[in-house]
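If you want the building blocks of each chain, they are given just below.
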Amino acid sequence: HVQLVESGGGSVQAGGSLRLSCVASGSTYCSYDMSWYRQAPGKEREFVSAVDSDGRTSYADSVKGRFTISQENAKNTVYLQMNSLKPEGTAMYYCKTRLRGGFVCRRAVGYGMDYWGKGTQVTVS
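Presented here is a report on the structure given in the accompanying data block. Only a predicted model underlies this, so the values are computations on that prediction, with no experimental measurement involved.

1. Notes on the environment of Arg100
Among the structural elements, Arg100 can be located in strand β9 (residues 91-100). Distance from Arg100 to Gly10, taken between C-alpha atoms, is 31 Å for residues 90 residues apart in sequence. Residues contacting Arg100, with those up to four places away along its chain left out, are Cys30, Ser31, Asp33, Asp52, Ser53, Asp54, Arg56, Cys105 and Tyr111. For Arg100, the side chain forms a polar contact with the side chain of Asp33, separated by 3.4 Å.

Shown next, in the form of structure tokens:
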């Protein structure tokens, strides 16, 4: 089954940088559309950035110009480079993936489901 392992969180001063990583595994016949969300205490979980297996990227307006999402060629690993961090960026950051592919993938276990990592904490002071 699909699993996500996140790493790279920590505590930084405002203006500092962190790089988060997320490694997906468990799908033989599918590619991964991967994205990052974050959730601060008492707030709704919000979209941060995404990249699909075709390399298309998107960003929330709040992080444009400061965050960069990238994907390794194998497309099972995604990174979120976070620069110029702000205190309001303090949150638990979650990696999410959905499977995509042809007819073989569409018949694979887990197709059409969202998979979430356990999250990595980012604290900006």
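Read on, since the account is not over.
2. Comments concerning the nonpolar core
Counting residues in each nonpolar core, the largest one holds 30 residues, and the members touching the most others are Met34, Trp36, Phe67, Val78, Leu80, Met82 and Tyr93. For this core, the secondary structure elements donating two or more residues are β3 (18-25), β4 (31-39), β5 (46-51), β7 (67-71), β8 (77-82), β9 and β11 (120-124). With near-sequence residues (within four places) excluded, Leu80 lies in contact with Leu18, Arg19, Leu20, Trp36, Val48, Ser49, Phe67, Thr68, Ile69 and Tyr93.

3. Quick word on the sheet that holds strand β1 (residues 3-7)
Spatial strand order, β1-β3-β8-β7: four strands in an open sheet with antiparallel pairing. The open sheet has two free edges, formed respectively by β1 and β7, since each of these has just one partner strand. Neighbour-to-neighbour, the strand axes of this sheet turn through a mean angle of 15°, independent of strand direction. Bridge analysis of β7 against β8 gives five bridges, and the strand direction is antiparallel. Counted as the bridge partner of Ile69 is Leu80 from β8.

What counts and what doesn't
- Residues numbered from 1 in each chain as written.
- Predicted model: local features only at pLDDT ≥ 70, side-chain atom pairs only at ≥ 80, totals over all residues.
- Heavy atoms only, no water.
- Helix = DSSP H or I, 4+ residues; strand = E, 2+ residues; numbered from the N terminus.
- Contact = heavy atoms within 4.5 Å.
- Polar contact = N/O pair within 3.5 Å; in protein donor to acceptor, adjacent residues only side chain to side chain.
- Core = buried A, V, L, I, M, F, W, Y, C linked by side-chain atoms within 4.5 Å.
- Buried < 20%, exposed > 50% of the residue type's maximum accessible area, 1.4 Å probe, protein only.
- Pairing = 2+ DSSP bridges.
- Axes fitted to C-alpha atoms, helices over the stretch in contact; angles between N-to-C directions.

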